[in-house]
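Structure at a glance
So you can see what is in the structure, the chains are spelled out below.
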Amino acid sequence: MFNKPSVYFIMGTQNASGKDPLKVLEEALKGGITHFQLREKGTGALQGQDLVEFAEKCQELCTQYQIPFLINDDVDLALAVGADGIHIGQEDMDCDQARALIGKEKMLGVSVHSLEEARVAIDAGADYFGMGPVYGTRSKADAKRPAGTAGIEEVISHFPDIPVFGIGGISPQNAGAVWQAGACGVAVISALSGADDIALQIAHFKNSYKGVLI
Ligand code: 3NM
């Protein structure tokens, strides 16, 4: 489920760079992403039934390619469409509450920024962490300042068994430091949704891991 190198694609309709978001997702699935998160945020975000229908289509595609489908910060939607899990940030609901609502089987991802947050999330049954922003990002309006990879290394040294994804401004060109820090994967919006050839970009991400092994 979290083999290295994982390439975790995150997207909402607002990230599709003018393309059909379902086509973007399918290209990414064909190209070898390992996880997908629907993160529908900001002005013009789908709501209500439109959002449910879009989420169902994402779920169908992910099922077809046997890739876990997670939903950002919307437990009701995740339960309604039978998603494989949810991802929550520190400003969202408590990890304990999220785990109680989704039950034991579904995946729980948590954004953490410190050892303390990591400890709380593990106690609540988190399955993986997202840590960032590693680099500057334009995809999250309220992103914190770029933190580099030191925090990832620290959390992995204390909790070696939990998979950690670096997130924020990651591209194949700068992913090396994220792999070096011990992350199991990169979580990416723009470097994939904005790529001319998404499959090639995924291959570049995977190759950036090989570069670290040499
Ligand atoms: N969370 P891109 S940074 C969704 O720091 C998200 O927790 C972040 O998009 C965090 O790959 C971020 O385009 C945006 O930089 C990632």
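Residues numbered from 1 in each chain as written. Predicted model: local features only at pLDDT ≥ 70, side-chain atom pairs only at ≥ 80, totals over all residues. Heavy atoms only, no water.

1. Details of the packing of helix 1 (residues 21-31) against helix 2 (residues 48-64)
What counts, and what does not: In this analysis, axes come from line fits to C-alpha atoms, helices being fitted only over the stretch in contact, and the angle between any two N-to-C directions falls in the range 0 to 180 degrees. What counts as a helix is a DSSP run of H or I of at least four residues, what counts as a strand is a run of E of at least two, and both are numbered from the N terminus. In this scheme, roughly parallel covers angles under 35 degrees and roughly antiparallel covers those over 145, while 65 to 115 is roughly perpendicular and the rest are oblique. By convention, the crossing between two helices is left-handed when the near helix turns anticlockwise from the far helix through less than a right angle, and right-handed when the turn is clockwise. The contact criterion used is simple: two residues touch if any of their non-hydrogen atoms lie within 4.5 Å. Three classes are used: nonpolar for Ala, Val, Leu, Ile, Met, Phe, Trp, Tyr, Cys and Pro, charged for Asp, Glu, Lys and Arg, and polar for all others, with Gly counted as polar.
The interhelical angle for the contact between helix 1 and helix 2, taken along N-to-C directions, is 20 degrees, at an axis separation of 10 Å. Taken together, the axes of helix 1 and helix 2 are roughly parallel relative to one another. You can see that helix 1 and helix 2 cross each other, and the crossing is right-handed. Between helix 1 and helix 2, the contacting residues are Pro21, Leu22, Leu25, Glu26 and Leu29 on the first element and Phe54, Lys57, Cys58, Leu61, Cys62 and Gln64 on the second. Tallied by class, the residues present in the contact of helix 1 with helix 2 amount to eight nonpolar, one polar and two charged.

2. Here we look at the packing of aromatic side chains
A ring pair, where both rings are aromatic, is described by two values, the distance of the centres and the angle of the planes. Defined as follows: Centres within 6.5 Å make a pair out of two Phe, Tyr or Trp rings, where for Trp the six-membered ring is used; the pair is then stacked when the planes are under 30 degrees apart, edge-to-face when over 60, and tilted otherwise. Burial classification: accessible surface area is computed with a 1.4 Å probe over protein chains only, and a residue below 20% of its type maximum counts as buried, one above 50% as exposed, and the rest as partly exposed.
In total, this model carries eight aromatic pairs according to the counting rule given. Measuring from centroid to centroid gives 5.7 Å for phenylalanine 2 and tyrosine 128, while their planes differ by 45 degrees, and the two rings are tilted. Here phenylalanine 2 is found in the segment before strand 1 (6-11), whereas its partner tyrosine 128 is found in strand 6 (residues 128-131), with 126 residues between them in sequence. Residues phenylalanine 36 and phenylalanine 69 carry aromatic rings whose centres are separated by 6.0 Å and whose planes lie at 10 degrees to one another, so their mutual orientation is stacked. Of this pair, phenylalanine 36 sits in strand 2 (residues 35-38) while phenylalanine 69 is found in strand 3 (residues 69-72), placing the two residues 33 residues apart along the sequence. Taking the relative accessible area as the measure of exposure, phenylalanine 36 reaches 0% and is therefore buried.

Don't take any of this as a statement about function, it's just geometry.
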